[in-house]
Each structure stands twice: as C-alpha cells, then as structure tokens.
Amino acid sequence: MSLFKDLGLSQEIVDSLIELGYEKPTEIQNISIPQILSSKNDLKAFAQTGTGKTAAFSLPIIQQVNTKDKNTQAIILSPTRELAIQIAKNIAEFSKNIPSLKVLAVYGGSSIEDQIRALNRGVQIVVGTPGRTVDLIKRRRLALDNIQWLVLDEADEMLNMGFKEELDKILESTPSDKQTLLFSATFPREVENIARNYMTSPIEVTAGQKNVGADNVSHEYYQVTDRNRYPALKRIADVNPNIYSIVFCRTRRETQEIADKLIADGYSADSLHGDLSQAQRDMVMQKFRNKNLQILVATDVAARGLDVNDLTHVINYKLPDQAENYTHRSGRTGRAGKNGISIAIITGKERNKLSPIERKIKKKFVQTKVPNGKEICEIQLFKLIDKVHDIEVNEKEIKDFLPDIYTKLEELDREELIKRFVSIEFNQFLSYYQDARDLNNDDKPDRKRAGDESLTRFYVNLGKMDDLTPARLIGLINEHLKKRNVEIGQIEILKSFSFFEVDKNYADDLLETLNGAEFNNRRVIIELTAKKKGGGRSSRSSRGFGRKDTGGGRKDYGGGRKDYGGDKKEGHRGSRKQSDSSSGPRRRRR
Ligand code: AMP
C-alpha cells in the first residue's frame, strides 16, 4: 500500500498526518486523494463512516486552496452539528502547518452573530449544516461566488433528515464550474437524483463494499422474547465487563427508557437523542469519548456526530427497519483495524429481518446464546481477581494500619483469606444470578396467547389512573408471589382497572398474597375473571368497580434500583457502580 507522500500531498500536510498517527492512507483516501488532486471532475464516492472519508475529501482541498485569497473557496455540508464540528476540527489538524488557512463550522443552535463575525475575518473552508448554511446565504453573510469545491458528506443522511430543499438551494447558489464531491454510505433514489441533477459526469469510486473495519466485525444475534430484551442486554453487558458500546434504539422514548433502566440498575450508561438540549448532548458525548461512560444508548441520528474508534460492541436493541441503517450502525465498531462485534437482540418474529441485512453486509449472523448466570459469574469473578492482582498498593498510607489488621486476621489461612476477600464483592453477583433462568428463546411464541388454557385471568382494581403499567404490574406480581419465573400472559391496562393472566397453578397463591397489598396508596383487589373471548374487551369492564382510596403508606413500584421491566429474576443488582460517580447526582430527563 502506498504512503501519503506518494499520493501527491505536500510535505506540510504529510507532516501533520504523521503527528496525528496516520501511517498509511485508507482505501478511500488512496482512491480519492489523487483523483481530486489531479482532476476537476465531480466525484461520487461510496464510503461509510469510519472509512477515513473526511481526510479523503479534505486533504486535497486543503492542498489546493489559495491561502492568499480570503474568500470562501470550499463548502462542506454535513447532516449534523456534531459532524460539522468534527470535520472542521479534522481540517484544522490537517492544516496545522498552514497557518493562513482558515476553517469554520457553521451550525444551528449557536450564535449566528459569532459565526458571521468569524466569516467576516475571512474563511477559506466552511463546514456547515444545511439549515444554517442557507440562513447565512439568505442573509448574504456567506458568499458562494468563489466556491471551487462543494462536498456533500453523508448525503443520504442529509436527505433522510429532510434537508432536500436546503441542498437544492445551496447547490443552485454555487458556481457551475465548481467540483462537487458527494460522499454517501448508501445510494437510494433521492441521492441518485441529487447526483443526476447537480453533478456532471461524476467519477464513481467505491472503497470496497464496506468500511475498512467491516472485515473485522462479526455479527451476532441473540434470540429472546420481547420482554427479555432488556434482561438480555444486561447479561451481554455483564459478560463483557470492559464493554464500550453504543446501544441503538429506534425511538427517542425507547432510548431514554433503556438508558434510565440501565442507570437505575447501576450500569455506566447514558442516553443520546434529539429530545436532549444541545448542552446535554455535548456533555454526554464528551463523557462517552473520555470513556467515563461505558454504554451510550442512542438513536441513529443522534449518534451520527460521534467519532469514537474503539467501540467493543454495537448493540441493536431493536433492528432498524432499513438494512442500510444496520450497516451504518455496525460500521461504528471494528474501526481503524480493531475487532468489533455487532449484536442484534431479536425476537422469533424478527428473524426475517436478518436475511436482508446478511445480503447487504455479505456476511452471516451467528446465533449466540444469552449467557447463563454461571458464565457471567465466572467472568466477573476473574475480572475481580485481575483487579486484585493489578491493584496498586499505597504502602505509605496503609502501613500504619497493617499490624492491627494482621492481628485481626491471624486465624485465617491464605486460602480462607482469599475466599473471603473475593466474596465481599462477588456474593452480590452470585446471589443476583443464582437460579437465573434461560433467556434464550428458540422460536417459542413471545407470550402465551389470551385464552390459553394454562393461564388464569384476573381482574385488578388498578389502572392507568394509578400509574399502572405492564412493567409495574409484573413487578407487583413478582413481589407478592413467593415462587419466581411464573408465566404471565396477556396484560390489559384500562383507565381505572386492568386484567392480566397468570399461570393457573399460581392463581390461588396470587389471590391470597396480592389481595390487600398496597400499590400507590391503594389497597389492591384482585379477582378471578372470565377468559377473554376473541379480541374484545372483557365483560368485566361493565361492572364498574368503585374506586376507594384506602390511604396508607405509599409504596413506589416505579423507580429506584428495582427493575420490574419483565425479567422476574433480574430485578436488581447491587454490585456495580457508576464509573462517573464524581459527576454528582444523575440527571433524570423525562
Ligand atoms: P472518518 O471516516 O473520516 O470519520 O474517519 C474515521 C476515523 O479514522 C477518524 O477517527 C480518523 O481520525 C481515523 N483515520 C482516518 N484516516 C486514517 C488513517 N489513514 N490512518 C489512521 N486513522 C485514520
């Protein structure tokens, strides 16, 4: 493979790359850099995140910009503020030996006046989000008359995010003799339309089918029932104590919910999605980049601007609808030559989503079993042993206490001592995972159907008015049934009362223990009720059970460290700590 200097780049650029630790060009750099340096032809490049595409388009531009001219000569459009900032930062690093070259990121959510002032000082390369760029053009603060290069980075994502109009406006405002460089991970019709309408006989380049890291990525799936998705996620985290991962969810709400649960369960986790303020997003990304967070739960769009190279796992908490998005997600691991694992947690019904993805990534998913309690305990135990082995002892500080400690422990021999020290932390894990049930689900239906003969249907005098949710109801049942892992069937939460089904073998037990219990200051009443027929509402709904506030002490089933979200065994854990405990009490954003 060639070196950067062989691609025609100047010594001052090569020097900055050496300083950044870039030893050899990536595939897309090898192809694009000489092409852009040697020709004014438009370029259509298939390249995903992580391929080194930023350097691929920006190095030849940096080299060719006329630094004596203060006009804006290159405009780079990116879908998100984070990515725009990242690109501008990269360009500043690449051009650090060319002090007269100025670059600026312009994006929404930040003072436009400051950006205008910076533009007025003269900026040769502008990196902008489409919205803010159009705004500056309309205000006549960003002149595009001298543009020689226009880059559309992650063009598919910009169109996905609804920036078609802005792109049209910008493309129309730039001189026709500019060179347009379009980088996209996918080429749906909308991207092809942009290429057709605004590019002249573009050269097409593809840096392999996938990003540089994709060969190092293995794809695994875990098949569970829907309600075991979250417990499975926890086990995946537990069996990988050094996990550094993005967990992808499909909606902002789901993202927040899963992050909240992980935080409550003591994991080093946080959320990243569009409902957070820019300041909150920046803070979370900073923490994740600095590895003060192990697990980032994110939506696809929010995770876009995050540039991290050494993720151990990408976890699809739920698979995206489009196979293409899976390639975006999985491309975030296995970067810069490192190995990575892309995991999909799926239900039996979602199995059919795997084949289109397999066709796209040209690789097969390997089914992996959700680890059992013993496997997790073993891994955690050895992690603890390693920690004991590697811990640095502060001889000076501990010295004064040691004589008394030796005296106190003198009857214990070496083996006994080791066992006891290890047990201090490990007992919690052991008891947590004792009798942990098998979460794997091989083609079993998710939940017993309504009307299943093995289930008994109950009425309960609690409903949405009491903040009852399926998760809280399961929690309530778990708390009062002495036997764990009892099958729970359909749950129907209505306004002031609800219905649920439980394994008929435990019906009497439940009647006895749950009746008279308290939930949200109400005395719980449950009764056997007729099975639901067809899909209609139960006849119970017409009986109009009167609501009476029974008062009494309040019991909160909704928060704290208990998880009533579905896995009856895996309610709470005590052994893990937030890795960023120094950041004070956690924000809870809802
Ligand atoms: P990009 O696809 O531009 O987002 O780049 C992905 C990551 O790879 C970034 O962190 C870059 O700093 C890094 N990178 C890009 N090109 C190289 C290279 N030739 N050698 C090493 N790292 C690189």
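Residues numbered from 1 in each chain as written. Predicted model: local features only at pLDDT ≥ 70, side-chain atom pairs only at ≥ 80, totals over all residues. Heavy atoms only, no water.

Undergrad: What am I meant to see in the site of the ligand here?
TA: In the region of the ligand, 14 residues are neighbours, and Tyr22, Lys24, Gln29, Gly52 and Thr54 sit closest. At a separation of 2.5 Å, an oxygen atom of the ligand approaches a polar side-chain atom of tyrosine 22. The contact in question runs from a nitrogen atom of the ligand to an N or O atom on the backbone of lysine 24, over 2.8 Å. Calculation on the ligand without its partners gives an accessible area of 500 Å², and the protein chains cover 83% of this total. Partitioned by chemical class, the residues of the shell around the ligand number 3 nonpolar, 7 polar and 4 charged. Of the residues that make up the shell around the ligand, three or more belong to each of domain 1 (4–206) and domain 2 (217–371). (Near = heavy atom within 4 Å. Polar contact = N/O pair within 3.5 Å; in protein donor to acceptor, adjacent residues only side chain to side chain. Areas by Shrake-Rupley, 256 points an atom, 1.4 Å probe, with all protein chains shown as cover. Nonpolar A, V, L, I, M, F, W, Y, C, P; charged D, E, K, R; others polar. Domains from an automatic or database assignment.)

Undergrad: Help me out: how do you make sense of the sheet that holds strand β7 (residues 203–206) in this one?
TA: Strand pairs in the sheet, formed through backbone hydrogen bonds, run parallel or antiparallel to each other. Reading across the sheet, the 7 strands line up as β3-β4-β2-β5-β6-β1-β7 and stay open at both edges, with parallel pairing between neighbours. Each edge of the open sheet is held by one strand with a lone partner, namely β3 (103–106) and β7. Averaged over neighbouring strand pairs, the angle between their axes works out to 15 degrees when direction is ignored. As defined by bridge partners, strand β1 (residues 43–46) adjoins β7 across 4 bridges and the pair is classed as parallel. By the bridge assignment, leucine 43 is partnered in β7 with isoleucine 203. Sitting on the sheet, helix α5 (residues 112–120) touches β3 and β4 (125–128), and the angle it makes with β3 is about 155 degrees. Sheet strands in contact with helix α9 (residues 189–198) are β1, β5 (149–153) and β6 (179–184), and its direction is about 170 degrees off that of β6. (Pairing = 2+ DSSP bridges. Helix = DSSP H or I, 4+ residues; strand = E, 2+ residues; numbered from the N terminus. Axes fitted to C-alpha atoms, helices over the stretch in contact; angles between N-to-C directions. Contact = heavy atoms within 4.5 Å.)

Undergrad: I'm lost on unusual backbone geometry in this one. Help?
TA: Negative phi is the rule for most residues except glycine; trans is the rule for most peptide bonds. Backbone geometry places lysine 362, a non-glycine residue, at a positive phi of 55 degrees. Checked against the element boundaries, lysine 362 lands in the loop between α15 (354–361) and β14 (366–367). Take lysine 362: its relative accessible area is 55%, and that puts it in the exposed class. (Buried < 20%, exposed > 50% of the residue type's maximum accessible area, 1.4 Å probe, protein only.)

Undergrad: Any chance you could explain the side chain of arginine 329 here in plain terms?
TA: The residue arginine 329 is located in helix α14 (residues 323–330) in this model. Within the structure, arginine 329 has its side chain in polar contact with the side chain of asparagine 316 (distance 2.8 Å). Excluding residues that lie within four positions of it along the chain, arginine 329 makes contacts with Phe248, Cys249, Arg250, Asp300, Val314, Asn316, Lys318, Leu319 and Pro320.

Undergrad: I'm lost on the pattern of salt bridges in this one. Help?
TA: Working definition: two side chains of opposite charge can pair if their charged atoms are close together. In this structure the tally under the stated criterion is 28 salt bridges. When the shortest N-O distance is used, the salt bridge between aspartate 6 and lysine 5 registers 3.9 Å. Judged by its relative accessible area of 51%, lysine 5 falls in the exposed class. Across the salt bridge formed by lysine 364 and glutamate 358, the nearest N and O atoms sit 3.4 Å from each other. Looking at glutamate 358, the relative accessible area reads 15%, which means it is buried. By sharing partners, the salt bridges in this structure join Lys44, Glu192 and Glu204 into a single network. (Salt bridge = Lys/Arg side-chain N within 4 Å of Asp/Glu carboxyl O.)

Undergrad: Just to check I follow, could you spell out the side chain of serine 39 for this structure?
TA: Relative to the helices and strands, serine 39 resides in the loop between α2 (27–38) and β1. Polar contacts involving the side chain of serine 39 include one to the main-chain amide nitrogen of asparagine 41, which spans 2.9 Å.

Undergrad: I keep staring at the pairing of strand β11 (residues 295–298) and nothing clicks. Help me out?
TA: The side chains of a regular strand alternate between the sheet's two faces. Burial along β11 is two-sided: Ile295 and Val297 and Leu296 and Ala298, pointing in opposite directions, are all buried. Note: strand β9 (residues 245–248) against β11, 4 bridges, orientation parallel. Within the sheet, the bridge partner assigned to isoleucine 246 lies in β11 and is leucine 296. Here strand β10 (residues 269–272) pairs with β11 via 4 bridges, running parallel. Following the sheet pairing, alanine 269 is matched in β11 by isoleucine 295.

Undergrad: Is there a simple way to explain the packing of aromatic side chains in this structure?
TA: With the rule as written, the count across this model stands at 11 aromatic pairs. Summarising the aromatic geometry, the rings of phenylalanine 4 and tyrosine 22 are spaced 6.5 Å apart at their centres and angled 35 degrees between planes, so their arrangement reads as tilted. Residue phenylalanine 4 is located in the segment before α1 (11–20), and its partner tyrosine 22 is located in the loop between α1 and α2; the two are separated by 18 residues in the primary sequence. Using a relative accessible area of 3% as the deciding quantity, one classes phenylalanine 4 as buried. With relative accessibility at 30%, the residue tyrosine 22 sits in the partly exposed group. With 5.9 Å between their ring centres and 70 degrees between their planes, tyrosine 22 and phenylalanine 94 make a pair best called edge-to-face. One end of the pair, tyrosine 22, is in the loop between α1 and α2; the other, phenylalanine 94, is in helix α4 (residues 81–94), with 72 residues separating them in the sequence. (Phe/Tyr/Trp six-rings, centres within 6.5 Å; stacked < 30°, edge-to-face > 60°.)

Undergrad: Would you take a moment to explain the nonpolar core for this structure?
TA: One broad rule of soluble globular proteins: the nonpolar side chains tend to lie buried together. Of all hydrophobic cores here, the largest spans 39 residues; its most connected members are Leu59, Ile125 and Phe183. Leave out the neighbours within four places in its chain, and leucine 59 touches Phe4, Leu9, Ile13, Leu17, Ile33 and Phe94. Ile116, Leu119, Val123 and Ile147 belong to the second-largest nonpolar core, a separate cluster that totals 31 residues. (Core = buried A, V, L, I, M, F, W, Y, C linked by side-chain atoms within 4.5 Å.)

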